[in-house]
Amino acid sequence: METIKQHTNTKENQKAHQASGSIAVIDALLSENVDTIFGYPGGAIMPIYDALYDYRDKLHHILVRHEQGAIHAAQGYARVSGKTGVVFATSGPGATNLVTGLADAMIDSTPVVCITGQVFAHLLGTDAFQETDIVNITSPVTKWNYQITDANEIPEVLAKAFYIAKSGRPGPVLIDITKNAQLQLFDYNGYKSCIHVRSYRPKPVVKPEYIQAAADLINQAKKPLVVFGQGVILGNAEKEFLQFIEKANLPTAWTIMGMSAIPTDHPLGVGMVGMHGNYGPNYLTNECDVLIAIGMRFDDRVTGRLDKYAKQAKIVHLDIDPAEVDKNVLTTVPVWGDCKETLPLLTALLEPKEHKTWMQEFQDKMQYEKEVLIDKERFPETEELTMGEVLFELNELTHGNAVMVSDVGQHQMVVCRYSKQNQTRSNITSGGLGTMGFALPAAIGAKFGAPERTVVAIMGDGSAQMNLQELGTIMQFQPNVKIIILNNQFLGMVRQWQELFHERRYSFTDITSPDFVQVAKGYHIKGQKVAERSELKKALTEMLASNESYLLEIMVAKEDNVFPMVPQGKGVSEIVLSKDQI
Amino acid sequence: MKQEYTITAYTENQVGILNKIAIMFSRRKISLESLNTSPSEVENIYRFTIVVKESESVVKNLVKQIGKIVDVLKVYVNTNDEIIWQQIALYKVPTEIIMKEAKVERLLRAYGANAVVIRNDYTVFESTGQDEEINKLLSELHKYGLIEFVRSSRIAIMKASEGIHKSILELEKNDPTKDPINNEFLSLKSKIFQM
Ligand SMILES: Cc1ncc(C[n+]2csc(CCOP(=O)(O)OP(=O)(O)O)c2C)c(N)n1
Ligand SMILES: [Mg+2]
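What you are looking at is a predicted structure, and each value in this text was computed from that prediction instead of being measured. The residue numbers shown here count from 1 along each chain, following its written sequence. Note on labels: chains are lettered from A, ligands numbered from 1, in written order. Given that this is a predicted model, residues contribute local features only at a pLDDT of at least 70 and side-chain atom pairs are listed and counted only at 80 or more, while totals for whole chains, interfaces and linings are drawn from all residues. To obtain the side-chain values, all non-hydrogen atoms of the structure were used and water was disregarded.

**Quick word on the coordination of the magnesium ion (ligand 2)**
Residues and elements named next belong to chain A. Only N, O and S atoms count as donors, using a 2.8 Å cut-off from the metal and 3.2 Å for Na, K and Ca, and because water is excluded some sites may appear unfinished. The protein atoms that coordinate the magnesium ion (ligand 2) are Asp-461 (OD), Asn-488 (OD1) and Phe-490 (O), at distances of 2.0 to 2.2 Å. Going along the chain, you hit the donors of the magnesium ion (ligand 2) in the pattern D-x26-N-x1-F. Of this pair, Asp-461 sits in helix H19 (residues 461–464) while Asn-488 sits in the loop between strand E18 (481–487) and helix H21 (492–501), and the two are 27 residues apart along the sequence. Taken individually, Asp-461 and Asn-488 each receive the classification buried, so the pair is uniform in this respect. A run of H or I in DSSP becomes a helix once it reaches four residues, and a run of E becomes a strand once it reaches two; helices and strands are each numbered from the N terminus. Only protein chains enter the accessibility calculation, which uses a 1.4 Å probe; a residue whose area is less than 20% of its type maximum is buried, one above 50% is exposed, and one in between is partly exposed.

This is the structure in structure tokens:
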């Protein structure tokens, strides 16, 4: 571990040395092998920024344009790299600007450590300038949070923060440090990383009885269906997972958060479940005899109406978080534990199977979906471009090797339905919270987390206008991010619901946009706008070939809808493929 | 079916833990019938006793969520027949009336109430028991000019519990895999369900 001794007034041969709280913060980050911080300074965090100044070569600080951008960038960084994202923000408005990102990271189990400055301890509770009770504000949206008022607490609390953020089911942690503690000199004994907190249990014990019971069910199953979520990625269990499904040839569907854990064109992959997922896996959820849920949490966007969800099936649920088991769907066999550990145990007990006719049912349904729906989007007869054809064209050019960062709305569903992804950690999107404005900062973070990969942000015209200010971050720090805006001149997803369920009463969904290419130009970012099919391929190629960031605005059909759809309040087998089925 | 459940949570002594527990309930619009915090048999470990009226499935999910709060060591949930519980109540009654009406004396004795303070103007009685008895005495005393009443929250001891000592020792072991979480499905027979 690189020490900070030279920079503090250490006497040689002396174990403890005087250091400021701020130096202890920097040392903690270095010790945790942090290389990138996303942040924004202000009064209450100035001592930490001052300490950072001497370490700016080792701790790469990305100055965002809004703290929400900082935390989404940290999320993108964490999701793509598997490392913990780190955020700095000042007290008051700086800290409150993190709340949306914390909620997003909480619901999508993303490891992030936020360090916020706070007013001097003696001013707490006095309505001091830029004082806000950020610990209480963020309690429901953090895995753990804590306020430090004395520098002596810093090493241990930060060690605990990194441990809690990353271990077990990951999540965001916020540490609020009062300014006096940042300035305070104390006897610093060095940083010790944390491996255990007695009141915190990252993983439950694996119970072999349940592995056996699960294996028995799967071995007896005539129509098994695997549905996996992000747990496979968070557990770094992609390999173990493939061995599991391949041994018994199990038809396998993913949730939006699980996408890319196996290649999207894997022969056992039957597509995405959920409100706008594929027809086959949604429909056949209600025909399988054993549903094997892995690292997923039966979100209502996945289950549709609960009392019509897989009622005929026995349920095996593998999850690291015991609170997820039986939360929404009652399990037949719960397999608590880290799937990295439980999957190999389960695989060992599986009998090889073919499941050919059952698999054929998925293939037939996929073929049907392709004919009645996908091909029409891919090869449209209309003049207007469709979002779908943009994605298929993009797949041809990236060969499925890009990190796809999507925002929220119709375009997000199209990205997750059609993009080809060969590699794990390729699908970065706001799944649980559905946070518009996520994609641009998350793509910036993703590029810093995986500099060797092509990162493509796909946004709607509405989403692009939330956090558009982060173009400034791109201008200054030059991550090579490809930005596509699929402009349908609407808040399309909301418009779709208005069309389908509110008699086309388009109440405030017709959103206007600036000239995005001009805006990019203002930030010295190259770009162009296309509206013609004939220009699409060339424009995408140019964008991808550019050795710097690039913004491509693509005008698409105004009133296209995303199908299939499990309408709200309906069961998954009531999935519809077109408007007239509703 | 809704019924009374008593939740017992052992926590670290941390500022803010009360709020972190409380928001688990308020987020789900579950109201607390009563809440008590106290020290436990182990130094620096606090014990929350919370009573709710809810259905079993809601309570089980809620308790699992409470167990996830980092500073919570252990959570138990029990039905009333699995615990021994008590509450204390204080009643302030005009001394003058008590002197006049012999019935009141008898009443208080019947409920096992003791005088804590006797002054010229008022007397404060204390009684210990469960809500039913306390509420009965309360309504009786209303007839005799009750000036002030307060009842404490429930405190409860689990019949089947061995206390927190042993669990703490296990929790303190540095090896996170030696975790004493019990799978509730394995211990269906046991009276208490543990996280
Ligand atoms: C911060 C935030 N506000 C509001 C919403 C509700 N919402 C969901 S999708 C959507 C429309 C998104 O429009 P656009 O970005 O243009 O994408 P499109 O659906 O047109 O592809 C809205 C407003 C949200 N998800 N997030
Ligand atoms: Mg739009």
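**Quick notes on the packing of aromatic side chains**
Residue and element names in this part refer to chain A. Geometry of aromatic contacts follows a simple scheme: Phe, Tyr and Trp rings, the Trp one being its six-membered ring, pair when their centres are within 6.5 Å, and the pair is stacked under 30 degrees between planes, edge-to-face over 60, tilted otherwise. Scanning the model with the defined rule gives 18 aromatic pairs over all chains in all. For the ring pair Phe-38 and Tyr-77, a centre distance of 5.9 Å and an interplane angle of 65° mean the geometry is edge-to-face. Taken together, the positions of Phe-38 in strand E2 (residues 36–39) and Tyr-77 in helix H3 (residues 67–81) put the pair 39 residues apart, joining distant regions of the chain. Just as Phe-38 is buried, Tyr-77 falls in that class too. Here the aromatic rings of Phe-490 and Tyr-506 are separated by 5.5 Å at their centres, their planes lie at 75°, and the arrangement is edge-to-face. A residue pair is termed long-range when its members are at least 10 positions apart, and Phe-490 in the loop between E18 and H21 and Tyr-506 in the loop between H21 and helix H22 (516–522) qualify at 16 residues. Owing to a relative accessible area of 7%, Phe-490 belongs among the buried residues under this scheme. Judged by its relative accessible area of 21%, Tyr-506 falls in the partly exposed class. Three or more aromatic residues link up through ring pairs in this structure, and these residues are Phe-228, Phe-241, Phe-244 and Trp-254. Either the NZ atom of lysine or the CZ atom of arginine qualifies as a charge over a ring when it sits within 6 Å of the ring centre and within 35 degrees of the ring normal. Its guanidinium or amino end placed over the ring of Tyr-53, Arg-56 lies 4.1 Å from that ring's centre, counting from NZ or CZ.

**Digging into helix H15 (residues 356–378) of chain A**
Residues and elements named next belong to chain A. Across its 23 residues, H15 extends only 29 Å between first and last C-alpha, which sits more than 12% below the 33 Å expected from 1.5 Å per residue. We define the bend at any residue as the angle between the axes fitted to the seven residues before and including it, ending there, and the seven starting there. At Lys-370, H15 is deflected by roughly 50°, the largest bend along its length. Residues Trp-358, Met-359, Phe-362, Lys-365, Glu-369, Leu-373, Ile-374 and Glu-377 constitute the buried set of H15. Residue contacts are counted whenever heavy atoms from the two residues lie within 4.5 Å of one another. Looking at the buried positions of H15, the neighbouring elements they touch are strand E9 (224–228), strand E11 (269–272), helix H12 (279–285), helix H16 (387–398) and helix H17 (410–418). To estimate the expected span of a helix, subtract one from its residue number and multiply by 1.5 Å.

**Details of the pattern of salt bridges**
For side chains of opposite charge, pairing can occur when their charged atoms come near one another. Salt-bridge detection follows one rule: a side-chain nitrogen of Lys or Arg within 4 Å of a carboxyl oxygen of Asp or Glu. This structure, assessed with the given rule, holds 35 salt bridges over all chains. Taking the shortest distance from any N to any O, the salt bridge between A:Lys223 and A:Glu361 comes out at 4.0 Å. Of this pair, A:Lys223 sits in the loop between helix H9 (208–220) and E9 while A:Glu361 sits in helix H15, placing them 138 residues apart in sequence. The exposure class assigned to A:Glu361 is partly exposed, which follows from its relative accessible area of 25%. Notably, a salt bridge pairs A:Arg417 with A:Glu369, separated by 2.7 Å at the nearest N-O pair. Residue A:Arg417 is located in helix H17, and its partner A:Glu369 is located in helix H15; the two are separated by 48 residues in the primary sequence. Of the two residues, A:Arg417 and A:Glu369, neither departs from the other in class, the shared state being buried. Here the residues in one salt-bridge network are A:Arg169, A:Asp321, A:Glu324, A:Lys327 and B:Lys68, joined through shared partners.

**Section: the site of ligand 1**
All names here are of chain A. Whether a residue is near a molecule or strand is decided by its heavy atoms; if any one of them lies within 4 Å of it, the residue is near. Around ligand 1 there are 18 residues in total, and Gln-410, Gly-434, Asp-461, Ser-463 and Gly-492 lie nearest to it. A distance of 2.8 Å separates an oxygen atom of ligand 1 from a polar side-chain atom of Asp-461. Ser-463 places a side-chain nitrogen or oxygen 2.7 Å from an oxygen atom of ligand 1. Protein coverage of the free-state accessible area of ligand 1, which is 590 Å², stands at 76%. Contributing elements (two or more residues each) for the shell around ligand 1: H17, H19 and H21. Whenever a nitrogen or oxygen atom comes within 3.5 Å of another N or O atom, the pair is scored as a polar contact, on the condition that within protein one atom can donate a hydrogen and the other can accept it, and that pairs from neighbouring residues in sequence are kept only if both atoms are in side chains. Areas reported as accessible are Shrake-Rupley estimates using a 1.4 Å probe. Residue values count occlusion only from the protein chains shown.

**Things to note about the nonpolar core**
Residues and elements named next belong to chain A. Counting 77 residues, the largest nonpolar core has Phe-241, Phe-244, Ile-294 and Ile-554 as its most contacted members. Looking at this core element by element, the count peaks at six residues for H9. Those residues in contact with Phe-244, other than ones at most four positions away along the chain, are Ile-218, Val-226, Leu-250, Ile-292, Ile-294, Leu-343, Leu-346, Thr-347 and Leu-350. For the purposes of this section, nonpolar cores are sets of buried Ala, Val, Leu, Ile, Met, Phe, Trp, Tyr and Cys residues that join through side-chain atoms within 4.5 Å. Val-64, Cys-114, Ile-525 and Leu-551 belong to the second-largest nonpolar core, a separate cluster that totals 49 residues.

**Concerning a negative patch on the surface**
All names here are of chain A. Like-charged residues are merged into a patch within 9 Å and nonpolar side chains (Val, Leu, Ile, Met, Phe, Trp, Tyr) within 5 Å, provided each residue has over 30% relative accessible area and no salt bridge. Counted as positive: Lys and Arg. Counted as negative: Asp and Glu. His and the chain ends are not counted at all. A single reference atom marks each charge: NZ on Lys, CZ on Arg, CG on Asp, CD on Glu. Together, Glu-383, Glu-384, Glu-532, Glu-535 and Asp-560 give the surface a local cluster of negative charge. Tracing the backbone through its elements, the reader meets Glu-384 in the loop between H15 and H16. Looking at Glu-384, the relative accessible area reads 43%, which means it is partly exposed.

**A short note on unusual backbone geometry**
All names here are of chain A. Looking along the chain, the bond that leaves Phe-563 and enters Pro-564 is cis, with omega of 0°. By the element assignment, Pro-564 lies in the segment after strand E20 (550–555). Backbone geometry at Phe-298 places phi at a positive 50°, although glycine is not the residue there. Residue placement: Phe-298 occurs in the loop between strand E12 (290–294) and helix H13 (300–303). Although it is not a glycine, Asp-326 sits at a positive phi angle of roughly 70°. One can find Asp-326 in the loop between strand E13 (314–319) and strand E14 (333–336).

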